[in-house]
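Structure assessment
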Amino acid sequence: MKVLFIINPNSGAGSSAATIARIQEAAALKNISTCILYTTGTRDDEMIRKEIDLYKPDRVVAGGGDGTIQLVARNLIGTNLPIVLLPLGSANGLATSLDIPKDDEALADYIFSDLQAMPLDLLRINDIHICVHLADIGINGMMVKEYEEGGHSGMLGYARHVVHAVKETPLMKYTIKTEKETLEQEGYMLAFANANMYGTGIQISEGSVHDGMFEIRNIPKISWIDFIKAGLTKFNIFIDKHMFTDVISCKQAEVFIDRKVDFQIDGEYIGEVNYLKIEMLPSAITILIP
Ligand SMILES: Nc1ncnc2c1ncn2[C@@H]1O[C@H](COP(=O)(O)OP(=O)(O)OP(=O)(O)O)[C@@H](O)[C@H]1O
């Protein structure tokens, strides 16, 4: 078996070296050939496609957070190569949804074991972006932007971002058109979920990553109590399920927003948008899970 690893050395706390060493030891014991590529943050798509052509792996491991999984996943569309998740990020939303092990020893075992193949849906947004886990506009989008622009130092810096985003995010009015209905709603955040859970374990919906559907959820009002109660350590941790309105489950949607608002996909800031087109790509790639 040949396994290509795409590792983001900057993911999470940026200390993946021990995990990688353990995995390499496990590979050597099992006579498995491995190739490790580290992402740089620029031209990674090109590098991955070249390496797949050259190395011809049997499976590709995405080592990082949701951003890295998305990077690998979008380069596997149209190939028959399965993806394996190595959660090294700070939030690991998709890995949490799929119950992927997170401790080093379990990871080294699971990566090379006989895994179960499962189809993985992906979302395509505004024709050009791919989403593996979750995208949203509003409060969280603003926080991701500010985090990328200014970083944060510890809990206090993060708390400052939350307070600022909650204060500055305007009440948005949205028209949501799905294949089934047109809805007029207003709120401070609108989330588009491929998976059913945030990295914190908070449930978004009853959906799954291979049901051919995605879920839309609105946060119609802000309660400071919720934000304070939820703690302030990671993106999305301030979201609690009772903050959302009813879930809209669909295969495609267009969202018209009454102003330009911050938009993020899988923890990456995309920019300001006042229109979104979201399409389900059912069973776009294959994922190997325990
Ligand atoms: N070598 C690198 N140096 C700096 N940034 C990088 C590097 N490689 C990738 N990146 C950037 O890292 C981001 C993806 O991070 P990723 O989602 O994997 O980790 P994370 O943010 O720690 O995890 P999570 O999404 O779980 O919170 C992308 O913006 C990508 O451009």
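Note that the structure is a prediction, hence the values are computed from the model and not measured.

1. With respect to the overall build of the protein chain
The secondary structure content of the protein chain amounts to 8 helices and 14 strands. Counting across all 290 residues of the protein chain, residues that qualify as buried make up 43%.

2. Examining the environment of Ile 69
Structurally, Ile 69 is set in helix α3 (residues 66-76). A residue is classified by how many C-beta atoms lie within 10 Å of it, and Ile 69, with 28 of them, is buried. For the pair formed by Ile 69 and His 133, sequence separation is 64 residues and the distance between their alpha carbons is 9.1 Å. Those residues in contact with Ile 69, other than ones at most four positions away along the chain, are Ala 62, Gly 64, Leu 85, Leu 94 and Val 132.

3. A closer look at the confidence of the model for the protein chain
Where the model shows low pLDDT, its predicted coordinates should not be examined in detail. Per-residue confidence for the protein chain gives a mean pLDDT of 87; residues scoring 70 or more make up 87%. Scored below 50 in pLDDT, residues 229-235 shows 21 contacts in the model against residues more than four places distant or in partner chains. Reported for the predicted complex are a pTM of 0.91 and an ipTM of 0.96.

4. Section: α3
When you tally the buried positions in α3, you get 10 out of 11 residues, the bulk of the element. The complete set of buried residues in α3 reads Asp 66, Gly 67, Thr 68, Ile 69, Gln 70, Leu 71, Val 72, Ala 73, Asn 75 and Leu 76.

5. Examining the domain arrangement of the protein chain
Taken domain by domain, the protein chain comprises domain 1 (2-114) and domain 2 (129-282). Across the boundary between the two partners, domain 1 contributes 14 residues, which contact 18 residues of domain 2. Elements represented by at least two residues in the side of domain 1 that touches domain 2 include exactly α3 and α4 (93-97). For the side of domain 1 that touches domain 2, the residue count by class is 4 nonpolar, 8 polar and 2 charged.

6. What about the site of the ligand?
What surrounds the ligand is a group of 20 residues, the closest being Gly 41, Gly 64, Gly 65, Gly 67 and Gly 89. Of all the elements, α3 adds the most residues to the shell around the ligand, at 3 residues. Looking at the shell around the ligand, its residues break down into 2 nonpolar, 16 polar and 2 charged.

7. As for the environment of Leu 37
On the secondary structure map, Leu 37 appears in strand β2 (residues 33-38). Sequence separation of Leu 37 and Leu 4 is 33 residues, and the distance between their C-alpha atoms is 7.6 Å. Sequence-distant contacts of Leu 37, defined by excluding residues within four places in its chain, comprise Phe 5, Ile 6, Met 47 and Glu 51.

8. Here we look at the packing of helix α2 (residues 44-55) against α3
Between α2 and α3, the least distance of the axes is 10 Å, while the angle of their chain directions is 50 degrees. In terms of orientation, α2 lies oblique with respect to α3. When you trace α2 past α3, the crossing you get is right-handed. Taking contact as the criterion, the partners of Asp 44, Asp 45, Ile 48 and Arg 49 in α2 are, on α3, Leu 71, Val 72 and Asn 75. Class assignment of the residues belonging to the contact of α2 with α3 gives a composition of 3 nonpolar, 1 polar and 3 charged.

9. A short note on unusual backbone geometry
For Lys 56, which is not a glycine, the phi torsion comes out positive at approximately 50 degrees. The topology assignment puts Lys 56 in the loop between α2 and β3 (59-64). Even without being a glycine, Asn 126 presents a positive backbone phi close to 50 degrees. Examined against the element boundaries, Asn 126 turns out to sit in the loop between β5 (116-125) and β6 (129-131). Overall, Asn 126 belongs to the partly exposed group, with 14 C-beta atoms counted inside 10 Å.

10. Some remarks on the packing of helix α1 (residues 17-29) against helix α5 (residues 104-111)
Between α1 and α5, whose axes approach to 9 Å, the crossing angle comes to 40 degrees. Judged by the inter-axis angle, α1 sits oblique to α5. Here α1 and α5 pass one another in a crossing that is right-handed. Residue-level contacts link Ala 18, Thr 19, Arg 22, Ile 23 and Ala 26 of α1 to Asp 104, Leu 107, Ala 108, Asp 109 and Ile 111 of α5. Residue composition of the contact of α1 with α5, by class: 6 nonpolar, 1 polar and 3 charged.

What counts and how
Residues numbered from 1 in each chain as written. Predicted model: local features only at pLDDT ≥ 70, side-chain atom pairs only at ≥ 80, totals over all residues. Helix = DSSP H or I, 4+ residues; strand = E, 2+ residues; numbered from the N terminus. Buried ≥ 20, exposed ≤ 12 C-beta atoms within 10 Å, placed from the backbone. Contact = placed C-beta atoms within 7 Å. pLDDT = per-residue confidence, 0-100. Domains from an automatic or database assignment. Nonpolar A, V, L, I, M, F, W, Y, C, P; charged D, E, K, R; others polar. Near = placed C-beta within 6 Å. Axes fitted to C-alpha atoms, helices over the stretch in contact; angles between N-to-C directions. Parallel < 35°, antiparallel > 145°, perpendicular 65-115°, else oblique. Left-handed = near helix turned anticlockwise from the far one by under 90°.

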